[in-house]
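Examining the three-dimensional arrangement
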Amino acid sequence: RWTNDELKLRGLHIDSLKDDLKDGLMLINLMEIISGKSLGKYNKHPVIIQQKLENLTIALKFIQSEGLKLVNIGPEDIVQGNMRCILGLIWTIILRYEINRNGDGGDLLKWIQSKIPEYGIKNFTKDWNDGRALNALINALRPDLCKDHMDLDKKKKLANARRGINTADKEMGVDKLVLPEEMIHKRVDKQAMMTYLAQFRNLKDTNAAYRVRAFGEGLHKGIKETKAPFFVERPTDAKGEIKIEVLNEDGKEVSCDIGKAEAPEGYEKLAVSYVPQKAGVYKVHVTLDDKHVPGSVFTVVIEENLSIGGEGKVFCFFSTTSGNLKQRSDINNTKTLLTSKKVHLRKDFVPWIPVDIMDRKDREAVFTKAGTRKLPIVIIDDQYLGDYDTLLKLEEEGKLDVVLKMDQQELITLEEHKARLKLYSGSGNLM
């Protein structure tokens, strides 16, 4: 929840920490948002494991450069969905950029004690179970709210917690990082409570527009003549007119389709989409009563064609399970042909990529890029070249060397190549 609260500034959203951090993009964006710094160049269209590992390496090195100590976590742990490592990483980031923003956890507790000394708060767990302390903290910061906190019935802890959490969200812009049912539990998560309560010390904007969240691919990337979708979600008590405006590179408005979508209890959700007719940089405005929601105005890069991040590289996709004799022969012949051209000695060499072990979304992106499911698929400089028959024809016509641009490549030795292959263990068959 904390992660999504930060990512909304770029129209991004995580559904699963286990799956959505694998390509490094969410982690890179998160660190750029909360640090206010650029992480430099990275692969914006990762579909193969090498690209994902490179992105994650960039993110983790940056985190370490910020002075955060990372223990027993590497890019491979995130790619493999190791939740113990991932949760540890996220907590390390929260501790630094939220809880310790104006002091450490001990300072946070002292700050709370100074605001509501009458409640004798000594921890971030059981002392909050009946909901009264939360209402008191709200009143300490906003004397016009929760004036009756001392009179609340301790036995009605769920009602108390719900009232406090809803009031803080609506009136103070404190996001619901903890649910009422979680707060009153005798084993409430200490780290979640620390993260939630730290927001009161680091209060953000409180206007109604801040409570609206816009997210989805259509707010940061898209492809020409392809539907670009996104969502706009708001609490039901965040009243006002939501206005959505999409402008192309020429400043002309692009029509949108807007409909209702299924939303969590207490929220309203709109499903929005538009179809950009040409490539370029688009702007998406999302406002509530003429006030921009977090992240708006969104900058969207619309590309001419789908990219799989293969600029300047040679990608070869194949299947390890094909029972088609010609396809298996084509795969072997393609390997032999490209090896004879010394493609495997290029500095930017990428091992052969078995589509069988790719995530379904990434595999479908490759097939969409190629416009075919026929393997092997050879992509050069992010453009689909063809299959073995195409390569053979180019070779017979004396054009393959020109396409591969091998005369412009800096090659490494075979020994260096073999050493490099060890870095790609587990990525599939190698040339």
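As a starting point, this report considers the structure included with it. (Residues numbered from 1 in each chain as written. Predicted model: local features only at pLDDT ≥ 70, side-chain atom pairs only at ≥ 80, totals over all residues. Heavy atoms only, no water.)

Quick look at helix α6 (residues 83-99) now. Buried residues of α6: C85, I86, L89, I90, W91, I93, I94, Y97, E98 and I99, and no others. Residue N82 occupies the N-cap position of α6, its side-chain oxygen lying 3.2 Å from the main-chain nitrogen of R84. (Buried < 20%, exposed > 50% of the residue type's maximum accessible area, 1.4 Å probe, protein only. Helix = DSSP H or I, 4+ residues; strand = E, 2+ residues; numbered from the N terminus. Polar contact = N/O pair within 3.5 Å; in protein donor to acceptor, adjacent residues only side chain to side chain.)

Counting across every chain of the model gives 5 aromatic pairs. Considering the side-chain rings of F315 and F317, the 6.0 Å spacing of their centres and the 80° angle between planes classify their relative orientation as edge-to-face. Between the NZ or CZ atom of K8 and the centre of the ring of Y210, over which it lies, the distance is 4.3 Å. The side chain of K335 reaches across the aromatic face of W352, ending 5.5 Å from its centre. (Phe/Tyr/Trp six-rings, centres within 6.5 Å; stacked < 30°, edge-to-face > 60°. Lys NZ or Arg CZ within 6 Å of the ring centre and 35° of its normal.)

If you trace the 4 strands from one edge of the open sheet to the other, you get β12-β11-β13-β14, paired in mixed fashion. Either end of the sheet is taken by a strand with one partner, and the two such strands are β12 (353-354) and β14 (383-386). Of the strand pairs in this sheet, strand β11 (residues 314-318) and strand β13 (residues 377-380) are connected by 4 bridges, and their pairing is antiparallel. Note that in β13 the partner of F317 across the bridge is I377. (Pairing = 2+ DSSP bridges.)

In this section: the pairing of strand β4 (residues 242-247). Examined bridge by bridge, β4 and strand β8 (residues 280-288) share 6 bridges and lie antiparallel to one another. Residue K243 lies in a different strand from β8, and its bridge partner there is T287. Note that β4 and strand β5 (residues 253-254) share 2 bridges and pair antiparallel. Bridging across to β5, L247 finds its partner in E253. Hairpin connection from β4 to β5: 5 residues lie between these consecutive antiparallel strands, with G251 at a positive phi of about 85°.

So, on to the environment of L108. Within the element layout of this structure, L108 appears in helix α7 (residues 105-115). Along the sequence, L108 and A198 sit 90 residues apart, while their C-alpha atoms lie 6.9 Å from each other. Contact partners of L108, with chain neighbours within four places excluded, come to I99, F124, M194, L197, A198 and R201. (Contact = heavy atoms within 4.5 Å.)

It is worth spelling out the pattern of salt bridges at this point. Pairing is possible between side chains that carry opposite charge, provided their charged atoms lie close to one another. Scanning the entire structure with this criterion turns up 28 salt bridges. With its nearest N and O atoms 3.4 Å apart, the salt bridge here joins E268 to R234. On the criterion of sequence distance, the pair formed by E268 in strand β7 (residues 267-274) and R234 in strand β3 (residues 228-235) is long-range, its members being 34 residues apart. The exposure class of E268 is partly exposed, given its relative accessible area of 35%. (Salt bridge = Lys/Arg side-chain N within 4 Å of Asp/Glu carboxyl O.)

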